[in-house]
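Residues per chain, in single letters:
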Amino acid sequence: MTQVFEAGDDIVRIRQSTLIGLSRDAKKIPLDLKSVKAQMSGGYVSSFRGRGMEFNESRPYQPGDDIRAIDWRVTARSGVTHTKVYHEERERPVLLWVDLSPTMFFGTRQCFKSVVAAKLAALLAWSSVQHGDRLGGLVFSEHHHDEFRPKQGNAAVLHFIKKLASHPAWDRQSKSAVTSHGNPDAGIQALNRLRQVAKPGSLIVLMSDFRFLTESCRTHLAHLARHNDVVMLFTHDPLEQALPASGYYQLTDGESRLGVDSANATSRDQYQQRFAAHHQMLEQLCQQLHLLLIDVSTTSNLLDVLKRGLGLRPKR
């Protein structure tokens, strides 16, 4: 069993040592920038809100106070209008949401999408603590869910990485993970739990192929986007985008085989259109909710993708 895993290390499953070794590259990721240049609707600039605001106290209302900050409970109890006072948190919470659902265990170039997601998460985890932020997150599959409350320091990253690399979803001997779609609501449930963890002012990064997106997901994302910065890292494989040249190909999950005949031009076009429609849906969702969408292929240079996507060099 161990030898099989070693043969597939960093291809079909991730090594903990690989994720730890990404700490040096993470220093080049611009999570500390005050604004992130994003090519969204109209080409406007989307700025990170910065660090969160934490409740400090309620005091009597004074002229000039923001009426949106009125503490209605204290006001009703005391009969005197009170307003809430906040102070800026010294560390911003960074929440990493990693999808290890069955559809993420697929890849035809270099590695599985799940391996790409794990590497992205590790790079962002190291970058967050190197910039003085608190790291938290959620790692989920169709049957298992790990949640991490935001904490500061290298110990938080090492704990996150250990849990990520040892998540049960990596066990490819689990037939439920290989041959079934598992729990179709796992992504929705994970978004709902993310809402319970996220505090206003958080930076939230979602790593997934987003195959599970429904109207319920849109509601959760809209709620998260109201008071947080949300980045969607759309992971995909070249074969999902387009079938190869005309021919007969075989795919395997290690237990069964599937034949794919790409000789039919109409079938190839329909296949490509399905991916394009999914991508367009994600683009429209991000434009409507003011989220940042970054495309990540299994063939991508992950460090370059994050540097460009997060705005180190503004896109022209």
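**Q** Sorry, what's going on with the pattern of salt bridges here?
**A** Close approach of charged atoms allows side chains with opposite charge to pair. Scanning the model with the defined rule gives 10 salt bridges in all. For Lys-113, the salt bridge is made with Asp-209, and the minimal N-O distance between the two is 2.9 Å. Here Asp-209 lies in the loop between strand E8 (203–208) and helix H9 (215–227) and Lys-113 lies in helix H5 (residues 113–130), a separation of 96 residues in the sequence. Take Lys-113 and Asp-209: they sit in the same class, and that class is buried. The shortest N-O distance in the salt bridge between Arg-218 and Glu-215 comes to 3.8 Å. In this pair, Arg-218 and Glu-215 both sit in helix H9, 3 residues apart, roughly one turn of the helix.

**Q** In this structure, what is going on with the side chain of His-220? I would like to understand it.
**A** Its location among the elements puts His-220 in helix H9. On the basis of relative accessibility, which here comes to 11%, the residue His-220 falls in the buried class. The contacts of His-220, once residues within four sequence positions are left out, are Ile-188, Leu-191, Asn-192 and Arg-195.

**Q** Can you walk me through helix H6 (residues 154–165) in this structure?
**A** For an α-helix, 3.6 residues make a turn, and residues three or four places apart therefore share a direction. An ideal rise of 1.5 Å per residue puts 16 Å on 12 residues; H6 measures up with 16 Å between its terminal C-alpha atoms. The complete set of buried residues in H6 reads Ala-156, Val-157, Phe-160, Ile-161, Leu-164 and Ala-165. Buried residues in H6, looked at end-on, bunch into an arc of 150°, giving them a common side. With respect to the buried face of H6, the exposed residues turned more than 90 degrees away are Ala-155 and Lys-162.

**Q** Got a minute to help me understand the environment of Leu-158 in this structure?
**A** Positionally, Leu-158 belongs in helix H6. Leu-158 gets classed as partly exposed once you look at its relative accessible area, which sits at 38%. In this structure Leu-158 touches Ile-20 and Trp-126, once residues within four positions along its chain are discounted.

**Q** Could you clarify how one ought to interpret unusual backbone geometry in this entry?
**A** With the exception of glycine, most residues fall at negative phi, and the peptide bonds are largely trans. Unlike most non-glycine residues, Gln-110 shows phi in positive territory, near 70°. With respect to the helices and strands, Gln-110 occurs in the loop between strand E5 (93–99) and H5. If you check the backbone angles, Phe-210 has positive phi at about 55° while not being a glycine. Along the polypeptide, Phe-210 turns up in the loop between E8 and H9. On the basis of relative accessibility, which here comes to 1%, the residue Phe-210 falls in the buried class.

**Q** Would you take a moment to explain the confidence of the model for the protein for this structure?
**A** Low-confidence regions, as indicated by low pLDDT, have predicted coordinates that should not be scrutinised in detail. In this model, the protein carries a mean pLDDT of 83, and residues with pLDDT of at least 70 account for 82%. Low pLDDT, under 50, characterises residues 173–181; the stretch is placed with 14 contacts to residues that sit more than four places away or in other chains. Within the model, the stretch residues 312–316 combines pLDDT values under 50 with 9 contacts to residues more than four positions away or in other chains.

**Q** Would you mind showing me how to read the nonpolar core here?
**A** One broad trend across soluble globular proteins is that nonpolar side chains are buried collectively. Judged by nonpolar contacts, the single largest core of 49 residues is most densely connected at Leu-96, Phe-160 and Leu-233. Of all the secondary structure elements, the ones that give two or more residues to this core are E5, H5, strand E6 (134–140), H6, E8, strand E9 (229–236), strand E12 (292–297) and helix H12 (302–309). Broken down by element, the residue count for this core peaks at 12 residues, all from H5. Formed by 30 residues, the second largest nonpolar core is a distinct cluster that contains Phe-140, Ala-186, Ala-190 and Leu-285.

Conventions used here
Residues numbered from 1 in each chain as written. Predicted model: local features only at pLDDT ≥ 70, side-chain atom pairs only at ≥ 80, totals over all residues. Heavy atoms only, no water. Salt bridge = Lys/Arg side-chain N within 4 Å of Asp/Glu carboxyl O. Helix = DSSP H or I, 4+ residues; strand = E, 2+ residues; numbered from the N terminus. Buried < 20%, exposed > 50% of the residue type's maximum accessible area, 1.4 Å probe, protein only. Contact = heavy atoms within 4.5 Å. Expected span 1.5 Å × (residues − 1). Arc of directions from axis to C-beta. pLDDT = per-residue confidence, 0-100. Core = buried A, V, L, I, M, F, W, Y, C linked by side-chain atoms within 4.5 Å.

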